[in-house]
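The lines below spell out each chain.
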Amino acid sequence: MTAQSEAAELGDLLRSLGVRRGGVLVVHAALSGTGSTPESVRDVLLAALGPEGTLIVPAFTPENSDTSRSHRAAVAGMSAAEATEYRRTMPPFNPDSTACPTMGALAECVRSTPGALRSTHPQTSFAGLGPRARTLLRRHPIRSHFGRLSPMARLYAADAQILLLRVGFEVCSAFHHAEYLMRPRPPRRTYRCVVHREGNWVSYRDIALDDSDFGEMGARLPRGLLAESSWASRPVVLCAMREVVDHAKIQMSGYRRPLT
């Protein structure tokens, strides 16, 4: 199958799954092995949404943290002095230019598309294209990764759809919003990142995010909440954010326990 025919197949698939024209769509994607460029997939998604629709992607930068897997991998093998120098010279997050390499080719493509907007969180920003992007991404306080003041809360309120394109629920960041809604409340922890200038580390507190059970949580969702198919030999799932977050909140409240 040619890349052009594969992209056309994706467009047909999105319509059959029920992507809402004029709606808001949050996409997590893995394009490796498809033969399609991220630009072509971006354009197919925008065409399915139409001119009134808005495309949102996670543009997270976990490497801007000294507790993340990305940071630990970067300093692995360094001496203490080398690691200290690495921390001292780490560049700050810049919403206009900092890449999001761990989020995949589509996310980086959307982030870097002329006219794209991005929220300002130095670790868990979102990027978007479309008429509602400015409203959805306009504010993102550092102490609210995915909480009530974050873009995720506005996406939840807008009843955005989620598209998992060749990835599973283990990367479904909307489940993090359920962590803020669950009862009892989860524990809090300290996060650190670099902002404003090179090596300027700041600390802040937010809930202790935990994605270790997201795949299992997705498997427990009622299948009636999901529209499922496949593209380029891997699964594709479309769902309504509000429905799956509400279900995840119930799951978490039932079996997660706060740390003392």
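Since this is a predicted model, take the numbers as computed values, not measurements.

A. Geometry of the overall build of the chain. Along the backbone of the chain there are ten helices and nine strands. A compact globule built from 260 residues would reach a C-alpha radius of gyration of about 18 Å, and the chain, at 18 Å, matches this within 12%. For the C-alpha atoms alone, the extent of the chain along its principal axes is close to 55 × 40 × 35 Å. Sorting the 260 residues of the chain into buried and exposed places 49% on the buried side. Here the analysis covers contacts within the chain between residues at least 6 apart in sequence; of these, 70% occur between residues at least 24 apart. For the chain, the accessible surface area stands at approximately 12,100 Å², while carbon and sulfur atoms represent 53% of it. For the chain, the distance from the average position of its 32 positive side-chain charges to the average position of its 24 negative side-chain charges is 8 Å.

B. The arrangement of the sheet that holds strand β2 (residues 54-58) in detail. On the basis of which strands lie adjacent, the open sheet formed by seven strands has the order β3-β4-β2-β1-β5-β9-β8 and mixed pairing. Where the open sheet ends on each side, the last strands, each with one partner, are β3 (117-118) and β8 (226-231). The sheet contact formed by strand β5 (residues 161-165) and strand β9 (residues 234-240) spans five bridges and is antiparallel. Residue pairing in the sheet places Q161 in a bridge with A240 of β9.

C. Expanded view of the layout of surface pockets. Of the voids in this model, the largest pocket is the one considered here, and its volume is about 1,000 Å³. Looking at the largest pocket, it is lined by 38 residues, and the ones nearest its centre are F60, P62, R69, M103 and D211. Of all the secondary-structure elements, those providing two or more residues to the lining of the largest pocket are β1 (24-29), β2, α3 (69-75), α5 (105-112) and β6 (188-194). Partitioning the lining of the largest pocket into residue classes produces 19 nonpolar, 13 polar and six charged. By volume, the second largest pocket is sized at about 180 Å³. Every residue along the wall of the second largest pocket is listed here: P141, R143, S144, G147, R148, L149, H177, Y180, L181, R188 and D206. It is helix α8 (residues 174-181) that contributes the most residues to the lining of the second largest pocket, three residues altogether.

D. Geometry of the packing of aromatic side chains. Applying the stated criterion across every chain, the model contains six aromatic pairs. Both rings, one in F126 and one in F146, keep their centres 6.2 Å apart while their planes meet at 80°; by these two values the pair is edge-to-face. Of this pair, F126 sits in strand β4 (residues 126-129) while F146 sits in the loop between α6 (133-137) and α7 (151-157); the two residues are 20 residues apart in sequence, bridging distant segments of the chain. Per residue, the accessibility class of F126 equals that of F146, and both read buried. For the ring pair F169 and F175, a centre distance of 5.7 Å and an interplane angle of 15° mean the geometry is stacked. The buried category is assigned to F169, whose relative accessible area is 8%. The class of F175 is buried, set by a relative accessible area of 0%. Aromatic rings pair up to connect F60, F126 and F146 into one cluster. When the ring centre of W201 is taken as origin, the NZ or CZ atom of R87, which lies over that ring, is 4.2 Å away.

E. Inspection of the packing of helix α2 (residues 38-49) against α5 at higher detail. Taken N-terminus to C-terminus, the directions of α2 and α5 make an angle of 70°; their axes are 9 Å apart at the nearest point. It follows that α2 is roughly perpendicular to α5 by the angle criterion. Contacts from P38, E39, V41, R42 and L45 in α2 reach A105, L106, C109 and V110 in α5.

F. Local environment of the nonpolar core. I56, L155, I162, F169, F175 and M241 are the most contacted members of the largest nonpolar core, which totals 34 residues. It is helix α10 (residues 241-255) that contributes the most residues to this core, five residues altogether. Look past the residues within four positions of F175 in its chain and what remains in contact with it is F169, F214, M217, G218, L221, V244, A248 and M252. Among the nonpolar cores identified, the runner-up in size contains 31 residues, and L14, L31, V41 and L55 belong to it.

G. Representation of the packing of α8 against α10 within the structure. Look at α8 against α10: their axes get within 8 Å of each other, and the N-to-C directions meet at 50°. One finds that α8 runs oblique with respect to α10. For the pair α8 and α10, the crossing hand works out as right-handed. On α10, the residues that touch A174, F175, H177, A178, E179 and L181 of α8 are M241, V244, V245, A248, K249 and M252. Here the residues of the contact of α8 with α10 sort into nine nonpolar, one polar and two charged.

What counts as what
- Residues numbered from 1 in each chain as written.
- Predicted model: local features only at pLDDT ≥ 70, side-chain atom pairs only at ≥ 80, totals over all residues.
- Heavy atoms only, no water.
- Helix = DSSP H or I, 4+ residues; strand = E, 2+ residues; numbered from the N terminus.
- Rg over C-alpha atoms; globule rule 2.2 N^0.38 Å.
- Buried < 20%, exposed > 50% of the residue type's maximum accessible area, 1.4 Å probe, protein only.
- Contact = heavy atoms within 4.5 Å.
- Areas by Shrake-Rupley, 256 points an atom, 1.4 Å probe, with all protein chains shown as cover.
- Lys, Arg positive; Asp, Glu negative; His and termini not counted.
- Charge placed at Lys NZ, Arg CZ, Asp CG, Glu CD.
- Pairing = 2+ DSSP bridges.
- 1 Å grid on protein atoms, 1.4 Å probe; cavity = no way out; pocket = protein on both sides within 12 Å on 5 of 7 lines; lining within 4 Å.
- Points joined across faces, edges and corners; volume = space filled by probe spheres on them.
- Nonpolar A, V, L, I, M, F, W, Y, C, P; charged D, E, K, R; others polar.
- Phe/Tyr/Trp six-rings, centres within 6.5 Å; stacked < 30°, edge-to-face > 60°.
- Lys NZ or Arg CZ within 6 Å of the ring centre and 35° of its normal.
- Axes fitted to C-alpha atoms, helices over the stretch in contact; angles between N-to-C directions.
- Parallel < 35°, antiparallel > 145°, perpendicular 65-115°, else oblique.
- Core = buried A, V, L, I, M, F, W, Y, C linked by side-chain atoms within 4.5 Å.
- Left-handed = near helix turned anticlockwise from the far one by under 90°.

Remember, this is a structural readout, not a statement about activity or role.
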